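# Analysis of the macromolecular model
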Amino acid sequence: MARAYGLLLGFALLGCAPGPPGTGGPPQDLPKAKPLPAYPVVQDGQRYLIGKRDGLYRGERSSNTYPRRFLIVDGTDAPKWDAKTRSLTWPLREGEKRIYISESLETSDTPVPVTDSPVIEIAGDAEASQAVAQLQEMLRQGVIANGDVAPSPFGAVSTRFGGHVFWDADVWVFPALMFTDPARARTIANYRLKHAPLWRVEAQKWVRQNRPVWGREIGPLPSDTSGAEHRSTGLKVPWETDVNGNNKAMGNSQYQDHITASVALGLSWAADLGLAPADEVNHFQEAATNFFLYRIEDNDQDEYHIRNVMGPNEFHRVDNDLYTNLAARAVFYRTSAFYRASNRHTSYRVDAARIVIPRDAEGRLKNASNDPETTYQQVSGLLAAFPLQDPEAEREALSLIERFSSRITPNGPAMSASIEATVLARNGKADEALKRWRESWQPYMDGPLIFREKPLTGDTPFITGAAGCLNTVIYGFCGVRLDRTAQPGAKFDYKLRSGMVVSIRPNLPTGWERIILPEFWLDGQKHRLEVTRDTVTVTPLP
């Protein structure tokens, strides 16, 4: 996961929210702490914005579970994040006031979230339906619509990570929005395409530095590389970028080279759904391919390796990380299709099938060639089954869950269980998926619109985890799939203008009567999607 460091920014914001009128600051029993996002709620029949303040009570020692105080704001405007000044603004209208309360929301009556936007409905499971409504609201407040600043893992207004952008935006958040809220999904694609020129410079810099990888350097480019004089060094997406696209990666996380393929993956979805210009995305994919051509290393067997990387697991330095290699292979395949469609001829060729896919002695997929198979911070190789949808990984997805699920640390980020639930549902194990899906949000939500990165600890709202849970509903239980052809057993399929196919095969668990997506977008047209165990109804809306 993303590197947690936004402390300097947090210090700059300490105590910046004013106290009650006339006090000149926060009450003495409320510790100074950075303000975090506010959310609309109803309490005692009144509409409020409620904002959490994390911090320690005076005199207490640090721990993983922070005492919490809440700030009620009488009004309807959410706080605004100013990316240039990196500060939060809490607008008030005339006559409105801020009121501090001393008791935790968890020990008082729980307010009901308010939303003026349509929400996904789950008939037959009120608890799940309420949770999904809150998850959707977190994404609405965490991602700007029709903008060009992609969200941080903690949303558009959080001070965590300084508002920096990671792969969370592309691999987790974008899928949760691309069918249900295209205006917000488009923001992520806009950000990536806008800053592509900066990341071409990053690739050039990397080559000039003798292609550093984790623990060593690959070395200078060989002078006899076929076509090298005609080839760009490509595009290298930094692991962590600020609102202006600048590289902010530090430490070993900068060797998570799957970020370049992950961003290309998200953009491919955007182009397929008409949320980004196809020509710009194709050139981005081509540049990503060029980077990986310089990143791979071959051996005497003419196999292509990607060595010394940090994979999604983040615990180990490995060779041939499964997700990294399969994602890079997908980039190669898509670029090859672009060349064929445009009748382009190139002076170089790389056989994507030669990229090493790690397997154990029994021929089963493994997370990396030298994976120690001890513990994992989060799900790793399974990402190749979803969201990557690599055919090899999908065929062995249940085996990957069986062999590696128990080795994921229970205090890891929230998304592992949601990925497993999505894969289980797609493989006809909906009831087991439901159990796993509940494990992906129940331990992380301890209040209205509060979702933590780890079980009941850390900052909130963690929109990456919220998005993962929504993805299970959309792609697991509803069974939505974007691919070249319709999935077997589909109850509905639709060929997009891009030529890709959206198909739906429901996987509802026991007790769920239907799922309704009030907004489901196909080729710019809004629809209402209703899924039961045996039927799919897609109705165009004005």
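Okay, so let's go over this structure. Just so it is clear, the model here is predicted, and its values are computed rather than measured. (Residues numbered from 1 in each chain as written. Predicted model: local features only at pLDDT ≥ 70, side-chain atom pairs only at ≥ 80, totals over all residues. Heavy atoms only, no water.)

### Section: unusual backbone geometry
The condition that has to hold: Helix numbering and strand numbering both begin at the N terminus, where a helix is a DSSP run of H or I of at least 4 residues and a strand a DSSP run of E of at least 2. Accessibility here uses a 1.4 Å probe with only protein chains present; expressed as a share of the type maximum, an area under 20% marks a residue as buried, one over 50% as exposed, and anything in between as partly exposed.
The linkage connecting Phe 386 with the following residue, Pro 387, adopts the cis geometry, with an omega of 15°. With respect to the secondary-structure elements, Pro 387 resides in the loop between helix 8 (322-341) and helix 9 (391-395). A positive phi angle, near 55°, is found at Asn 146, a position not held by glycine. Note that Asn 146 resides in the loop between helix 2 (126-142) and helix 3 (168-178). The phi torsion at Asp 302 lies on the positive side, around 60°, for a residue other than glycine. Along the chain, the position of Asp 302 falls in the loop between strand 11 (297-298) and strand 12 (304-305). Overall, the relative accessible area of 30% leaves Asp 302 in the partly exposed class.

### Digging into the packing of aromatic side chains
So the rule is basically this: Between 30 and 60 degrees the pair is tilted, below 30 it is stacked and above 60 it is edge-to-face, where a pair is any two Phe, Tyr or Trp rings, Trp via its six-membered ring, whose centres lie within 6.5 Å.
Tallied over the entire structure, the rule returns 21 aromatic pairs. Relative to Trp 441, the ring of Trp 437 has its centre 5.5 Å away and its plane inclined at 65°; by these criteria the two rings are edge-to-face. Clustering of aromatic rings is evident, with ring pairs tying together Phe 154, Phe 161, Phe 166, Trp 167, Trp 172, Trp 239, Tyr 323 and Phe 462.

### Here we look at empty space enclosed by the protein
Selection rule: Using protein atoms alone on a 1 Å grid, points that fit a 1.4 Å probe yet trap it form a cavity, whereas open point sets bounded by protein on both sides within 12 Å along at least five of seven lines form a pocket; residues with an atom within 4 Å of a point count as lining. Grid points are joined across faces, edges and corners, and a volume is the space filled by probe spheres set on the points. Each residue receives one of three labels: charged for Asp, Glu, Lys and Arg, nonpolar for Ala, Val, Leu, Ile, Met, Phe, Trp, Tyr, Cys and Pro, and polar for the others, Gly being one of them.
Evaluated as defined, the whole model comprises five cavities of 30 Å³ or more. Each pocket or cavity is described by its volume, and for the largest cavity that value is around 90 Å³. Lining of the largest cavity is provided by 13 residues; of these, Val 379, Ser 380, Leu 400, Phe 404 and Ile 408 occupy positions nearest its centre. The leading source of residues in the lining of the largest cavity is helix 10 (residues 397-404), at three residues. Split by residue class, the lining of the largest cavity holds seven nonpolar, five polar and one charged.

### Some points on the sheet that holds strand 16 (residues 492-495)
Convention followed: Pairing between strands is defined by DSSP: at least two bridges between the two strands are required. Working convention: axes come from line fits to C-alpha atoms, limited for helices to the stretch in contact. Angles between N-to-C directions cover 0 to 180 degrees.
In spatial order, the strands read 15-17-16; together these three strands make up an open sheet with antiparallel pairing. The outermost strands of the open sheet, each flanked by one partner alone, are strand 15 (480-483) and strand 16. Going from strand to strand, the sheet's axes swing by 15° on average, the running direction of each strand aside. Bridging between strand 15 and strand 17 (residues 501-504) involves four bridges; their strand directions are antiparallel. Each residue of the ladder has a partner; that of Arg 481, found in strand 17, is Ser 503.

### Section: the pattern of salt bridges
Condition: A pairing counts as a salt bridge when a side-chain nitrogen of Lys or Arg comes within 4 Å of a carboxyl oxygen of Asp or Glu.
The full count for this structure, using the stated rule, is 31 salt bridges. Across the pair Arg 184 and Asp 181 runs a salt bridge whose closest N-O atoms are separated by 3.1 Å. Asp 181 carries the same exposure label as Arg 184, and that label is buried. Ionic pairing is found between Arg 307 and Glu 297, a salt bridge with its closest N-O pair at 3.9 Å. On the criterion of sequence distance, the pair formed by Arg 307 in the loop between strand 12 and strand 13 (309-310) and Glu 297 in strand 11 is long-range, its members being 10 residues apart. The class for Arg 307 is partly exposed, based on a relative accessible area of 22%. On the basis of relative accessibility, which here comes to 14%, the residue Glu 297 falls in the buried class.

### Remarks on the sheet that holds strand 20 (residues 536-540)
Sheets are built from strands that pair by backbone hydrogen bonding, the pairs being arranged parallel or antiparallel. With antiparallel pairing, the four strands of this open sheet are ordered in space as 8-18-19-20. A strand with exactly one partner marks an edge of an open sheet, and here the two such strands are strand 8 (121-123) and strand 20. Shown here is a sheet whose adjacent strand axes are inclined to one another by a mean of 25°, direction ignored. Across six bridges, strand 18 (residues 514-522) lies against strand 19 (residues 525-531) in antiparallel orientation. Opposite Leu 522, over in strand 19, you have Gln 525 as the bridge partner.

### A look at the layout of surface pockets
Taking a probe equal in size to a water molecule and rolling it over the atoms shows the remaining empty space. Estimated volume of the largest pocket: approximately 940 Å³. Around the largest pocket, the lining comprises 39 residues; the ones closest to its centre are Ser 268, Asp 272, Arg 334, Arg 484 and Met 500. Counting only elements with at least two residues in the lining of the largest pocket, the list comes to helix 3, helix 6 (258-272), helix 7 (278-295), helix 8, helix 9 and strand 15. Ranked by the residues each element gives to the lining of the largest pocket, the list is headed by helix 8, at 10 residues. Residues belonging to the lining of the largest pocket are distributed by class as follows: 24 nonpolar, six polar and nine charged.

Nothing here speaks to function; it is geometry throughout.
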